[in-house]
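Chain residues, written in single-letter form:
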Amino acid sequence: MTFSDDELYRDITGFARDSPGWTRGAMEVWTEAGILVFGALFVLAWWRARRGDTRAFAIAVLAPLATALAYVCSELLKSGFTEERPCRAVPGAAASLVECPPTGDWSFPSNHATIAGASAVALLLVRRALVLLTAPLALLMAFSRVFVGVHYPHDVAAGLLLGAVVAVVAVRLGTGAVTRLAGAMRGSEAAVARWLSGPGPAAVVPAAPYAPAHRRR
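Residues numbered from 1 in each chain as written. Predicted model: local features only at pLDDT ≥ 70, side-chain atom pairs only at ≥ 80, totals over all residues. Heavy atoms only, no water.

Time to look at the overall build of the protein. When you go through the protein residue by residue, the secondary structure sums to eight helices and zero strands. Reading the protein from its N terminus to its C terminus gives the helix and strand order α-α-α-α-α-α-α-α. For 217 residues, the compact-globule estimate of 2.2 N^0.38 gives 17 Å, and the protein exceeds it by more than 25% at 23 Å. By its C-alpha atoms, the protein is 95 × 35 × 30 Å across when sized along the principal axes. Within the protein, the proportion of its 217 residues that are buried is 42%. The contacts in the protein between residues at least 6 apart in sequence include a share of 80% that link residues at least 24 apart. (Helix = DSSP H or I, 4+ residues; strand = E, 2+ residues; numbered from the N terminus. Rg over C-alpha atoms; globule rule 2.2 N^0.38 Å. Buried < 20%, exposed > 50% of the residue type's maximum accessible area, 1.4 Å probe, protein only. Contact = heavy atoms within 4.5 Å.)

Written out as structure tokens, the structure reads:
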């Protein structure tokens, strides 16, 4: 399989080489650290969901699992397409900012972009407002893979799409079963299970009925 974005790859990697040193350094860090940031967001989403309803908690639990499944799908596709990395295959391109992965660590689709796309969408399903944070982070992470020279643009575009689709399907299909499991954990006698699943939403105490002043005497 071939694509026609070699020139775009040359343009982006050339732009990267001409960028200020702090920009190159920041992108080199972010291209790997982005995964850790999404991991921290998953932990935060789980912690907050412990006091949410059982279905919301189930989706928060499924979010990282859906992302892991997307990664596995990406790896399977890589072994099928066996596309060489552009840092070796594109003539006339600027040298990659990071070490070019060895032959056998194939290029299409981008694992990092897949993880980013799945994480962004899965966290969106946990809480819609998070899209204002996760979408820019995912796009920046995907772009960074081309910027540092280890992926073609089509690699990261396919990765984002793959991650998003797998996350939606996995969460939708798994919510019912995990909701039932979470309900069982919250009612379990095991302290660890109750701590992991959380107490759920706080009970609402009904207000005392109003008593006229003459009745309170």
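Moving on, we come to the nonpolar core. Residues Phe38, Ala116, Leu123, Ala138, Leu160 and Ala167 are the most contacted members of the largest nonpolar core, which totals 36 residues. Looking at this core, the elements that each hand over two or more residues are α1 (6–18), α2 (21–49), α3 (54–81), α5 (111–126), α6 (131–147) and α7 (153–186). If you tally residues by element for this core, the top one is α7, at nine residues. Apart from residues no more than four positions distant in its own chain, alanine 116 is found in contact with Phe38, Ala138, Met141 and Leu160. (Core = buried A, V, L, I, M, F, W, Y, C linked by side-chain atoms within 4.5 Å.)

In this structure the tally under the stated criterion is four salt bridges. Put simply, glutamate 32 and arginine 145 hold a salt bridge, and the shortest N to O gap is 3.6 Å. Of the two residues, glutamate 32 sits in helix α2 while arginine 145 sits in helix α6, which places them 113 residues apart along the sequence. Exposure remark for glutamate 32: the relative accessible area of 43% places this residue in the partly exposed category. A salt bridge links glutamate 84 to arginine 88; its shortest N-O distance comes to 2.8 Å. (Salt bridge = Lys/Arg side-chain N within 4 Å of Asp/Glu carboxyl O.)

A full pass over the atoms with the stated rule returns one disulfide. Disulfide pairing is shown between cysteine 87 and cysteine 100; the S-S distance is 2.0 Å. Taking the torsion about the sulfur-sulfur bond, which here is approximately 70°, the covalent link between cysteine 87 and cysteine 100 counts as right-handed. In this pair, cysteine 87 is assigned in helix α4 (residues 86–89) and cysteine 100 in the loop between α4 and α5, connecting sequence segments 13 residues apart. When its relative accessible area of 24% is taken as the criterion, cysteine 87 is described as partly exposed. (Disulfide = S-S within 2.5 Å.)

The pLDDT averaged across the protein works out to 87; a share of 91% of its residues lies at or above 70. Element-level pLDDT for the protein is lowest in helix α8 (residues 191–197), with a mean of 82, against a maximum mean of 94 in α5. (pLDDT = per-residue confidence, 0-100.)

What follows concerns the side chain of serine 19. Relative to the helices and strands, serine 19 is located in the loop between α1 and α2. Each residue touching serine 19, except ones within four places of it in the same chain, is listed here: Arg24 and Phe147.

Within the secondary structure, glycine 14 sits in helix α1. Overall, glycine 14 belongs to the partly exposed group, its relative accessible area being 21%. Along the primary structure glycine 14 and phenylalanine 147 are separated by 133 residues, whereas in three dimensions their C-alpha atoms are 8.8 Å apart.

Before going further, it helps to spend a moment on α1. Spanning 13 residues, α1 covers 18 Å between terminal C-alpha atoms, matching the ideal 18 Å at 1.5 Å per step. Buried residues of α1: Tyr9, Ile12, Thr13 and Ala16, and no others. The buried residues of α1 occupy one face: seen down the axis, they fall within an arc of 90°. Away from the buried face of α1 by more than 90 degrees, exposed residues Phe15 and Asp18 are located. Of the surrounding secondary structure, the elements contacted by the buried residues of α1 are α2, α4, α6 and α7. (Expected span 1.5 Å × (residues − 1). Arc of directions from axis to C-beta.)

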